[in-house]
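Summary of structural features
In case you want the letters, here they are:
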Amino acid sequence: MNELQKRIIELKEKKHAVILAHYYVPEDVQQIADYIGDSYYLSEKAKETDKDIIVFAGVSFMGESAKILNTEKKVLIPDPSADCEMAHMADVNKIHRMREMYSDLAVVCYINSTAELKAESDVCVTSSNAVKIVKKLSNKNIFFIPDKNLGTYVAQKVPEKNIILNDGYCPVHRDITLEEVKKSQSMHPKALVLVHPECEKEITAEADFIGSTSEIISFATEKEEKEYLIGTEDGVFYELRKKNPNKRFYPICSRQSCAGMKRITLEKVYHCIKDENNEVIIKEETRKKAKEALDRMLELAK
Ligand code: 13P
Ligand code: SF4
């Protein structure tokens, strides 16, 4: 542990704070976190914590979700400009139009979305629980926002529903091409292909396993195979290699880096916890409505 990491840990104890980190943030930040995980796990931890301060090392929708779920706490984000592009890729007016078109519509919102979009939705989902939750809904018509690819994956798994897709996407996952999958398979013919459902459907069709970041890590850890091609953001390599020192992990392409997540540096975590700045503030009306969608997710995901 370096000096800065030690100072962060001391401050964290002194201020009765908890640090939550997503698998995509730089590894020196993951090293000082109390909990590292996928979006679902981290939202549960944010809701449960009895600490006074939550420092969320991730992009802004993650800090917002923590504040929505546990509003009494002070939620800090190391860099408020660390954003997820996909979180903005849906339109409130379109949601209203869809509700007029289908009387039984459920608006299902991927957690990678702004608080305003969550507030317009019936239920939130993450990549690890989307299929389970959509299956449980009584509505036939589902408007899935913002991610087209996760929506497509859910539609394949829940064919009894009419899933209406939105045209949002994650630039990092969308950029992984089939040509690159084939090329990396020819270089590592024994490797299993593990991808995130945010990838395009021709990529998920090639995969041996599709899952959230935690699910990818668990799958690779439990399997006997020694080599894996990984189709998600490169922050997951830290945990994959830590848990599996005798296995080999390769990215499918060289662009698997999320600019928003990489803005979360150790220095910014230190300053944010020391000065207690960059507090997440959400309008009360928005927060209350968004909380209903997130609480419903936690209930249905059980
Ligand atoms: P997970 O919930 O699988 O960690 O995914 C979050 C994310 O942003 C994927 O791009
Ligand atoms: Fe958003 Fe994509 Fe970054 Fe995930 S990897 S936080 S979906 S931009």
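Scroll up a little and you will see the structure.
Here is what the cut-offs are and how they apply
- Residues numbered from 1 in each chain as written.
- Chains lettered and ligands numbered in written order.
- Predicted model: local features only at pLDDT ≥ 70, side-chain atom pairs only at ≥ 80, totals over all residues.
- Heavy atoms only, no water.
- Buried < 20%, exposed > 50% of the residue type's maximum accessible area, 1.4 Å probe, protein only.
- Helix = DSSP H or I, 4+ residues; strand = E, 2+ residues; numbered from the N terminus.
- Contact = heavy atoms within 4.5 Å.
- Near = heavy atom within 4 Å.
- Polar contact = N/O pair within 3.5 Å; in protein donor to acceptor, adjacent residues only side chain to side chain.
- Areas by Shrake-Rupley, 256 points an atom, 1.4 Å probe, with all protein chains shown as cover.
- Nonpolar A, V, L, I, M, F, W, Y, C, P; charged D, E, K, R; others polar.
- Salt bridge = Lys/Arg side-chain N within 4 Å of Asp/Glu carboxyl O.
- Core = buried A, V, L, I, M, F, W, Y, C linked by side-chain atoms within 4.5 Å.

**Here we look at helix 3 (residues 39-48)**
- Taken as a whole, helix 3 has its buried residues at S39, Y40, L42, S43, K45 and A46.
- Where helix 3 is buried, its residues meet strand 1 (17-22), strand 2 (35-37), strand 3 (53-57), helix 4 (60-69) and helix 15 (284-300).

**Some details on the site of ligand 1**
- In the region of ligand 1, the neighbouring residues are H22, Y24, D38, S39, N112, S127, H173, H196, E198, S212 and T213.
- In this structure, S39 approaches ligand 1 through a side-chain N or O atom, which is 2.8 Å from an oxygen atom.
- H196 places a side-chain nitrogen or oxygen 2.8 Å from an oxygen atom of ligand 1.
- A total of 310 Å² of accessible area belongs to ligand 1 in isolation, and the protein chains cover 96% of it.
- Of the residues in the shell around ligand 1, the class split is 1 nonpolar, 8 polar and 2 charged.

**Considerations on the site of ligand 2**
- Around ligand 2, the surrounding shell consists of Y24, V59, C84, E85, M86, N112, C170, H173, E198, C258 and M261.
- By residue class, the composition of the shell around ligand 2 is 7 nonpolar, 2 polar and 2 charged.

**Describing the pattern of salt bridges**
- Following the criterion strictly, the structure yields 22 salt bridges and no others.
- The shortest N-O distance in the salt bridge between K74 and E276 comes to 2.7 Å. With K74 in strand 4 (residues 74-76) and E276 in the loop between helix 14 (266-275) and helix 15, this residue pair connects regions lying 202 residues apart in the sequence.
- For K74, a relative accessible area of 27% corresponds to the partly exposed category.
- The salt bridge partner of K302 is E299, with a shortest N-O separation of 3.1 Å.
- Where salt bridges share partners, they join K12, E13 and D34 into one cluster.

**As for the nonpolar core**
- Formed by 99 residues in total, the largest nonpolar core has its most connected members in V154, L194, I230 and M297.
- With 6 residues, the single largest contributor to this core is helix 15.
- Ignoring any residue separated from it by four or fewer positions in sequence, one finds V154 in contact with A130, V131, V134, F144 and I163.
- Ranked by size, the runner-up nonpolar core spans 12 residues in total, among them C199, I203, Y250 and C253.

Geometry only, nothing functional implied.
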